[in-house]
Amino acid sequence: MKKIIKSEILLSDKIAIADDKGNKITYRELAGRAEALGRCLEAGSLVFCLCDRQRETVEFLYELLYAGGIPLLLEADINGEFLERLIRDYRPRYIYCRKSHEMGRRYPHEAEWENHALLKTGMERYPIHPDVALLLSTSGTTGSGKLVKISHENMADNAACGCARFGMHSGQKGLSPLPVNYAYGISFCFWHWYCGATWLVTELPVLGRDFREFYTRERVNNFAATPFTYQALQRVGFWDAERVESLNYAISAGAQLPEQTQTYLVDALKEKFWNGYGQTECFGVLTAMNFQNKKMKFGSVGR
């Protein structure tokens with residue numbers, strides 16, 4: 001984080017993370033907690049992070065990157081055999097997971113939170129190139145041991161471009177049902193943190209009334225999802241006038257958006273709707289366009 005986000009944001013009292021239960025934490029508070037985490041975690045160590053959508057996990061990822069750990073982001077419910085193979089291949093120094101996970105019974109707990117624990121595997125720390133900040137799998141490598149290395153420069157450049165492209169700034173709030181172990185999801189987090197905005201965390205089902213009420217109550221500015229989610233939201237009439245009014249942008253990426261859904265979104269959101277394309281190797285979205293230019297064709301993702 002120190003290599004990516006400006007110090008005036010890192011040490012500010014702006015809200016970095018908030019959830020649907022009213023919990024909030026500032027950038028300054030996260031920095032203090034990251035310093036404490038750094039005292040029980042060796043910088044430069046590989047940490048397997050079994051990611052769910054709880055606020056505790058999002059806060060840990062922020063603190064881990066701040067403290068100099070190198071996370072490999074994996075889904076919380078990863079196949080057990082595949083996880084065992086990754087552990088054999090990559091020999092992580094630590095594993096972050098739910099306390100109830102079977103790994104929690106195998107390794108000692110180095111640190112604990114309400115629902116999660118940081119486990120120390122006892123495997124020796126080995127040197128990792130200092131440019132490497134993060135490890136991710138891609139949709140093409142899920143189920144294999146091949147990973148993408150993301151550098152601090154990758155993350156900073158992508159975040160700076162995302163903020164500039166979408167007019168993001170401090171004081172805005174972003175919400176997404178995307179998992180944080182997905183490049184699209186974690187990069188959307190970084191767009192907010194880079195400019196001192198707030199990332200909203202919830203496990204609420206996206207089609208439920210509570211999710212809609214949370215979105216409306218917080219007056220969400222930035223939203224990111226896949227075409228499947230946008231199609232589902234269309235069916236329940238999610239984009240009413242009040243939700244569109246507070247919106248800065250909503251972006252779809254991760255797959256091709258059906259033309260019928262794209263037509264609906266352009267009609268409902270106008271220039272606030274963006275169609276994007278990304279790659280894990282480029283740390284998420286690398287191009288996006290809206291329809292301010294009436295000559296743009298449906299299906300295009302811009303230059």
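Up top you'll find the structure we're talking about.
K.L.:
For this particular structure, what's the right way to read the overall build of the protein?
P.N.:
Counting secondary structure elements, the protein contains 11 helices and 15 strands. Over its C-alpha atoms the protein spans a radius of gyration of 19 Å, differing by no more than 12% from the 19 Å that the globule rule assigns to 303 residues. If you line up the protein on its principal axes, its C-alpha atoms span 60 × 40 × 35 Å. Counting the 303 residues in the protein, one finds 54% classified as buried.

K.L.:
Looking at this structure, I do not really get the pattern of salt bridges. What am I missing?
P.N.:
Should their charged atoms come close, side chains of opposite charge can pair. Inspection of every chain in the model, using the stated rule, returns 14 salt bridges. Residue R55 is joined to D19 by a salt bridge in which the shortest nitrogen-to-oxygen separation is 2.8 Å. Residue R55 is located in helix α3 (residues 55–67), and its partner D19 is located in strand β1 (residues 15–19); the two are separated by 36 residues in the primary sequence. E84 is the salt-bridge partner of R106, the closest N and O atoms lying 2.4 Å from each other. Of this pair, R106 sits in helix α5 (residues 103–106) while E84 sits in helix α4 (residues 80–90), placing them 22 residues apart in sequence. Classification of R106 as partly exposed rests on a relative accessible area of 41%. A relative accessible area of 23% places E84 in the partly exposed class.

K.L.:
When you look at the packing of aromatic side chains in this model, what are you seeing that I'm missing?
P.N.:
The geometry of an aromatic ring pair comes down to the distance between the two centres and the angle between the two planes. The full count for this structure, using the stated rule, is 24 aromatic pairs. Between the aromatic rings of F211 and F238, the centroid separation amounts to 6.3 Å while the plane-to-plane angle is 40°, which identifies the pairing as tilted. A residue pair is termed long-range when its members are at least 10 positions apart, and F211 in helix α8 (residues 209–218) and F238 in the loop between α9 (227–235) and α10 (241–246) qualify at 27 residues. For the pair formed by F211 and F238, the shared burial category is buried. An angle of 80° between the planes, with centres 5.0 Å apart, marks the rings of Y215 and F238 as edge-to-face. Here the residue Y215 occupies a position in helix α8, and F238 occupies one in the loop between α9 and α10, the gap between them amounting to 23 residues. Note on F238: relative accessible area 0%, which makes it buried.

K.L.:
How do you make sense of the environment of L30 when you look at a structure like this?
P.N.:
In this fold, L30 is placed in helix α2 (residues 27–38). The spatial distance from the C-alpha of L30 to the C-alpha of C163 is 21 Å, given a sequence separation of 133 residues. Filtering out sequence-adjacent residues up to four positions away, L30 remains in contact with A16, I17, I25, E59, Y62 and E63.

K.L.:
I'm lost on the side chain of N181 in this one. Help?
P.N.:
Here N181 shows up in the loop between β10 (173–175) and α7 (183–194). For N181, a relative accessible area of 18% gives the class buried. If we skip the residues at most four places from it in the chain, N181 touches C51, L73, L74, E75 and L136.

K.L.:
Would you mind showing me how to read the pairing of strand β15 (residues 284–289) here?
P.N.:
Two faces make up the sheet, and in a regular strand the side chains alternate between them. Along β15, 5 of the 6 residues are buried, which leaves the element largely enclosed by surrounding structure. Direction of pairing for strand β14 (residues 273–279) relative to β15: antiparallel, over a ladder of 5 bridges. Within the sheet, the bridge partner assigned to N275 lies in β15 and is M289. Once β14 ends, the chain turns through 4 residues before running back antiparallel as β15, passing F283 with a positive phi of about 60°.

K.L.:
Sorry, what's going on with the sheet that holds strand β12 (residues 222–225) here?
P.N.:
As a general point, the strands of a sheet are linked pairwise by backbone hydrogen bonds and lie either parallel or antiparallel. Strand order in this open sheet of 8 strands is β2-β1-β11-β10-β12-β13-β14-β15, and the pairing throughout is mixed. Each edge of the open sheet carries a strand with a single partner, namely β2 (24–26) and β15. Between one strand and the next, the sheet's axes are offset by a mean angle of 25°, whatever the strand orientation. Relative to strand β11 (residues 198–201), β1 runs parallel, the two sharing 3 bridges. In the strand pairing of β11, A18 is matched with L200. Where helix α11 (residues 259–269) meets the sheet, it contacts β13 (249–252) and β14, and its direction lies at approximately 130° from that of β14.

Rules and cut-offs
- Residues numbered from 1 in each chain as written.
- Predicted model: local features only at pLDDT ≥ 70, side-chain atom pairs only at ≥ 80, totals over all residues.
- Heavy atoms only, no water.
- Helix = DSSP H or I, 4+ residues; strand = E, 2+ residues; numbered from the N terminus.
- Rg over C-alpha atoms; globule rule 2.2 N^0.38 Å.
- Buried < 20%, exposed > 50% of the residue type's maximum accessible area, 1.4 Å probe, protein only.
- Salt bridge = Lys/Arg side-chain N within 4 Å of Asp/Glu carboxyl O.
- Phe/Tyr/Trp six-rings, centres within 6.5 Å; stacked < 30°, edge-to-face > 60°.
- Contact = heavy atoms within 4.5 Å.
- Pairing = 2+ DSSP bridges.
- Axes fitted to C-alpha atoms, helices over the stretch in contact; angles between N-to-C directions.

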